[in-house]
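Read off the chains here:
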Amino acid sequence: DERGVELSEHEALAKIAEFSGSMETAQALLQLRDMGESGADLDTISSAVFYAHALAGAARRENREFLQGRDYRFIFINYHQGLSHLPDMLVEPGDIYMADIPISTVPDLRSDAKLLRDKGFRIARYEDHHPFTAEQANMLKSLEKEGLVGFVAMSGPLQGEEVPIETLKCGGDMVYEALVMGRKYDNPAMAYLRKCVHGEDLAQERTPEGKILTELIKGGTNSIDIVQTLLSCAEESDVARKLAERGWEKKIAEERKQVSKIESMFTDAIQVLEIERPAEEIGVSGHAMGFGSDMPAPPPREKKDKLKMLIVLSPFTPRGQPKLKIGRAQEYFARKMPDADYLLYCYGSSLIVGRRLNQADSSINLSVLMRKIGTENDGGHAGAAVCGPEKNPSYPKSILGRVNKGNFKLYGRYLERHISEGLNLKVVSRRDISVAKPSKAQESGVTQLIILTIATILIGLAVLFFNPQYRFAKIAEMNNKDFFVWFKTTKDKSADAVENAGAENPGEPEKSVVK
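Residues numbered from 1 in each chain as written. Predicted model: local features only at pLDDT ≥ 70, side-chain atom pairs only at ≥ 80, totals over all residues. Heavy atoms only, no water.

**Brief notes about the sheet that holds strand E1 (residues 95-99)**
Here is step 1: Taken in spatial order, the three strands of this open sheet run E1-E2-E3, and their pairing is parallel. Where the open sheet ends on each side, the last strands, each with one partner, are E1 and strand E3 (152-154). Between one strand and the next, the sheet's axes are offset by a mean angle of 10 degrees, whatever the strand orientation.
Here is step 2: Sheet topology places E1 next to strand E2 (residues 122-128); five bridges connect them, and they run parallel. Paired with Tyr97 across the bridge in E2 is Arg125. (Pairing = 2+ DSSP bridges. Helix = DSSP H or I, 4+ residues; strand = E, 2+ residues; numbered from the N terminus. Axes fitted to C-alpha atoms, helices over the stretch in contact; angles between N-to-C directions.)

Given below as structure tokens:
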């Protein structure tokens, strides 16, 4: 803030709302922050650890210090951002090390590399394991020849092809093998971290620490904090010990409890598409993609005639509660809707994160789908990809505008058209299965009614306690008295009035008097 004091998230939100005059604006900015974190995973973080570990080892050989913040910085960027903004985030020119960023998601790497060079920066290394095209491969080779990129390595398949499962590598595998493995500064902790990330990113032999680290990242734990903690490990046992010392195991257990209380928010805005399964020889990208193009699969489920795709709007979570990011959404729907095959998790209209829920199905290549909904710069894995729908020239901003619960059905219709026409798939049905929640006004009214009821009961009890007229003994005493005296008296007076009236006017008929 203006005093230089670091604010908590909620204090920062209040400040933004104060300056903008709208809590909606503050929440939108928070949503943008969540979108920016949506691409982070253990592969990205472990690659950063291996880069820093290798560079620190090289510095030690030359008797140099290598301090985070002075000599190097970690910058985690989301897909679609490109690299042109990096000079504004760095204090002075230097080398840039990149891993685990699909080449298809960097809008214009050549232009970015030239801009960086003109400002004194150099892309020292670029290593990735996502699918790529022949044109992209040629472009990377030319950048390497021109000196715009120092070193390029791609372990993924050409789009439409596959690599054997046993040779699949993630970004962490590539960086560890190239810069750390077998060197003097290699150690058991780094070797174990490589095992953890391989298991997490490729779903093979997951480790306990790998699962904890993935949970931490999904829960929004500071990425740089995780990197620095892992960098301080030397022995394999240090990884588990330091995770425990940081209280992160406890934090995960607590977050799981909190998430279980609010995870029903995933169903606030949700639509289901039933899609006719494409023929195996046709698929959606030349032929159906197998697991070697993305990741190995668990035991297959029985194939159905129709695929089920979920379109879900990312909810705003209550104040102080964990964020419901894509990782949590993926877990929730895999558990609650086990027959679902694919998930499109929508951060408004700015970002869609696609995930394959049924790893045994390879009918739809999500990387291809994301390029249809967004632009050619979108994509990722066949089973995990992202896109920015608003960047598509056909996106109807004047009709849809900002996507929320109010127009989410219309947004679902828009996405259905892209799935149907863009992939030549037959969408059999689209259903809205959103679970309506009470509005804030309704919740407030119910709360007020409950408070009023409780207050009435308490007042009644207080009257019974403090007023002697309402004591049990007094009530019993009064029950013995004649309560009908007033009615008798009234009756007598009425009778007298009738008699007197007749006496004064003897010639008139008797009138009845009612009181």
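**Some thoughts on the confidence of the model for the protein**
Here is step 1: Summing up the model confidence of the protein, the mean pLDDT is 79 and the portion of residues at 70 or higher is 75%.
Here is step 2: Contacts for the low-pLDDT stretch residues 33-38, under 50 throughout, to residues beyond four places or in other chains number 16 contacts.
Here is step 3: Every residue in residues 511-515 scores below 50 in pLDDT, and together they form four contacts with partners more than four places removed in sequence or on other chains. (pLDDT = per-residue confidence, 0-100. Contact = heavy atoms within 4.5 Å.)

**As for the sheet that holds strand E6 (residues 342-347)**
Here is step 1: Pairing within the open sheet is mixed, and its seven strands lie in the order E8-E9-E7-E6-E5-E4-E10. A strand with exactly one partner marks an edge of an open sheet, and here the two such strands are strand E8 (379-380) and strand E10 (427-432).
Here is step 2: On the sheet, helix H13 (residues 326-336) packs against strand E4 (270-276), strand E5 (306-313), E6 and strand E7 (351-356) and is oriented at approximately 145 degrees with respect to E6.
Here is step 3: The strands touched by helix H14 (residues 366-373) within the sheet are E5, E6, E7, E8 and strand E9 (384-387), with E9 carrying the most contacts at an inclination of about 5 degrees.

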